[in-house]
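Tertiary structure, described
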Amino acid sequence: MDFSPIIENLPLYFKGLWLTIELLVLSIIFGFVLALPVALAAVCNIGWLRGLAKGFIYVWRGTPLIIQMFMIYHGMAQFDFVRDSFLWAFFREAYWCALFAFALNTAAYTAEMLRGAIEQTSRGEIEAGKAAGMSTFTLYSRIILPSAFRRAIPAYGNEVIFMLHGTALAGVITLIDLFGAAKIVNSKHFIPFESFIAAGMFYLVLTFAVVWLFKKLEGHWLKHLKH
Amino acid sequence: MNNIIDLYGFWPLILKGMTVTIAVAVLSLFIALFLGILTALAKLSDNKLLQFIAGVYTTLIRGIPELVMMTLIFFGGQVMINNIGEKFGWEYIDVKPFAAGVITIGFIYGAYMGETFRGAIMAVSKGEIEAGHAYGMTPFQVFTRITLPAMVRHALPGFGNNWLVLVKATALVSVIGLHDMVYSAGLAGGSTRQPFTFYFVVALLYLVITAVSNVGLKWLDKRYSAGIKY
């Protein structure tokens with residue numbers, strides 16, 4: 001076992017680490033922003049809108065992330081209207097394709113989680129809000145959503161970890177994230193074991209960091225549930 | 001239009017890829033079930049060392065992406081085995097992508113199955129297990145005749161989830177060169193210049209596998225909940 005090339009290439013790994021964190025944070029933010037309207041659509045009483053939201057959730061959760069990413073990265077070039085329009089500047093770049101695929105994927109999982117959390121709101125709370133004369137908007141913004149967000153925190157922590165692991169796919173489409181960095185080190189020095197285990201350790205530390213962060217969040221937002 | 005329906009003659013390739021996908025999924029499921037039972041038993045045992053090993057195993061799996069794990073076992077395992085082999089004078093051993101894929105996915109989902117089984121075993125009522133011991137059954141007999149059949153009902157929902165996630169994880173084996181559905185779609189898409197069409201078809205086939213699995217899981221759930229009133 002020879003870890004000296006790993007030490008030598010630490011700057012590359014740190015560059016990869018940075019891209020992994022960047023992809024994770026951006027896809028989580030975009031994904032969440034997209035997930036909220038989808039979750040609301042999935043619980044609304046307009047039939048076709050609810051069907052559309054549930055269909056999106058079903059299809060995106062039912063297919064592998066790598067295929068979603070390939071459909072965007074390799075697939076978009078198939079359409080002339082994409083190639084000939086301003087969209088091409090976006091879909092030409094592996095970076096944007098990866099980010100787009102990750103954000104849509106995590107949006108579907110997050111929406112499903114929020115939908116579940118919204119539907120678990122106790123009837124009494126909703127009735128109390130209505131009795132106090134709240135409009136639907138006020139009801140959602142003051143009662144349903146705050147408690148649904150809290151309830152969703154533990155499951156959301158798992159989703160963020162899954163997304164962190166999912167970002168490794170960026171390395172498959174030429175980006176130099178942690179996995180991409182490991183691939184480069186391996187092809188330069190042919191030390192597959194050392195180069196991938198090094199990337200694995202970085203991911204492990206990142207995972208612990210996410211777990212720690214969500215413990216803190218739970219400690220703050222779910223304090224009332226502590227015994 | 002006809003070209004689209006017969007996929008430019010690529011259906012056989014895609015369907016052959018699908019059999020590889022299903023073979024990888026089913027074989028790795030068996031490994032995962034086996035490792036899952038061992039992990040659950042280790043975590044529930046009184047042996048501190050076994051508990052520790054099982055704890056490290058689940059933590060590593062939860063902390064490292066599947067893709068990294070797979071390349072580690074496929075490329076790294078190859079080098080490791082041959083380094084050991086060199087010392088013993090073995091011939092060069094070629095690790096096949098199929099074996100590496102099945103072992104990796106089985107190894108990863110063994111940890112998730114372990115968590116599911118641990119919960120399910122804990123849900124089996126203590127009285128039934130005590131009754132078994134009282135009859136003079138050996139611990140092995142108590143496990144195979146009482147705990148195992150009784151835990152299935154509790155394990156099914158978690159098992160179903162794990163299976164659906166496992167099926168999707170098989171798409172990653174294309175990265176280590178296994179000719180599964182995703183790989184076939186890549187080939188066909190490249191030679192027809194219609195990559196979107198082929199990835200789209202493969203995505204639909206994954207949905208078909210999921211839908212069929214759901215029917216099977218519903219049936220199992222009904223069967224193992226027979227006689228249970230809620």
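Residues numbered from 1 in each chain as written. Chains lettered and ligands numbered in written order. Predicted model: local features only at pLDDT ≥ 70, side-chain atom pairs only at ≥ 80, totals over all residues. Heavy atoms only, no water.

So, about the overall build of chain A. Tallying secondary structure elements over chain A gives 11 helices and zero strands in all. Helices and strands in chain A line up, N terminus first, as α-α-α-α-α-α-α-α-α-α-α. Counting across all 227 residues of chain A, residues that qualify as buried make up 50%. In chain A, of all internal contacts separated by at least 6 residues, the share reaching a separation of at least 24 is 76%. As displayed, chain A offers around 11,500 Å² of accessible surface, 68% of which is attributable to carbon and sulfur atoms. In chain A, which carries 18 positive and 14 negative side-chain charges, the distance between the mean positions of the two groups comes to 11 Å. (Helix = DSSP H or I, 4+ residues; strand = E, 2+ residues; numbered from the N terminus. Buried < 20%, exposed > 50% of the residue type's maximum accessible area, 1.4 Å probe, protein only. Contact = heavy atoms within 4.5 Å. Areas by Shrake-Rupley, 256 points an atom, 1.4 Å probe, with all protein chains shown as cover. Lys, Arg positive; Asp, Glu negative; His and termini not counted. Charge placed at Lys NZ, Arg CZ, Asp CG, Glu CD.)

Before going further, it helps to spend a moment on the interface of chain B and chain A. Facing 35 residues of chain B, the contacting portion of chain A comprises 35 residues. Considering only the surface of chain B that becomes buried against chain A, Lys-168, Phe-196 and Tyr-199 of chain B emerge as the three largest contributors, covering 20% of it. In this structure, the connection of chain B to chain A is made through zero salt bridges. The interface formed by chain B and chain A includes nine residue pairs in polar contact (both at pLDDT 80 or more). Broken down by secondary-structure element, the contributors of at least two residues to the side of chain B that touches chain A are helix H3 (48-63), helix H4 (66-88) and helix H9 (195-224) of chain B. Element by element, the count of residues in the side of chain B that touches chain A is highest for H9 of chain B, at 11 residues. Broken down by class, the residue content of the side of chain B that touches chain A amounts to 24 nonpolar, eight polar and three charged. (Buried area = accessible area lost by both parts, 1.4 Å probe. Salt bridge = Lys/Arg side-chain N within 4 Å of Asp/Glu carboxyl O. Polar contact = N/O pair within 3.5 Å; in protein donor to acceptor, adjacent residues only side chain to side chain. Nonpolar A, V, L, I, M, F, W, Y, C, P; charged D, E, K, R; others polar.)

Bringing unusual backbone geometry into the picture now. Phi is positive for Thr-174 of chain A, close to 75°, though the residue is something other than glycine. Within the fold, Thr-174 of chain A resides in the loop between helix H9 (136-166) and helix H10 (178-189).

In a packed pair of helices, the relevant descriptors are the angle between the two axes and the axis-to-axis distance. Residue and element names in this part refer to chain B. Direction vectors running N to C along helix H7 (residues 139-169) and H9 enclose 170°, while the axes themselves pass 10 Å from each other. The angle between the axes of H7 and H9 places the two elements in the roughly antiparallel class. Touching Val-152, Arg-153, Leu-156, Phe-159, Gly-160, Trp-163, Leu-164, Val-167 and Lys-168 of H7 are Tyr-206, Ile-209, Thr-210, Ser-213, Asn-214, Leu-217, Leu-220, Asp-221 and Tyr-224, all from H9. Here the residues of the contact of H7 with H9 sort into 11 nonpolar, four polar and three charged. (Axes fitted to C-alpha atoms, helices over the stretch in contact; angles between N-to-C directions. Parallel < 35°, antiparallel > 145°, perpendicular 65-115°, else oblique.)

Moving on, we get to the environment of Ser-187 of chain A. Residues and elements named next belong to chain A. Its location among the elements puts Ser-187 in helix H10. Given the relative accessible area of 61%, Ser-187 is considered exposed. As for Ser-187 and Gly-75, which are separated by 112 residues in sequence, their C-alpha atoms are 27 Å apart. At 3.0 Å, the side chain of Ser-187 forms a polar contact with the backbone oxygen of Ile-184.

Residues Tyr-13, Ile-67 and Phe-102 of chain A are the most contacted members of the largest nonpolar core, which totals 138 residues. Excluding residues that lie within four positions of it along the chain, Tyr-13 of chain A makes contacts with Ile-6, Leu-178, Ala-181, Ala-182, Val-185, Ser-195, Ala-198, Ala-199 and Phe-202 of chain A. (Core = buried A, V, L, I, M, F, W, Y, C linked by side-chain atoms within 4.5 Å.)

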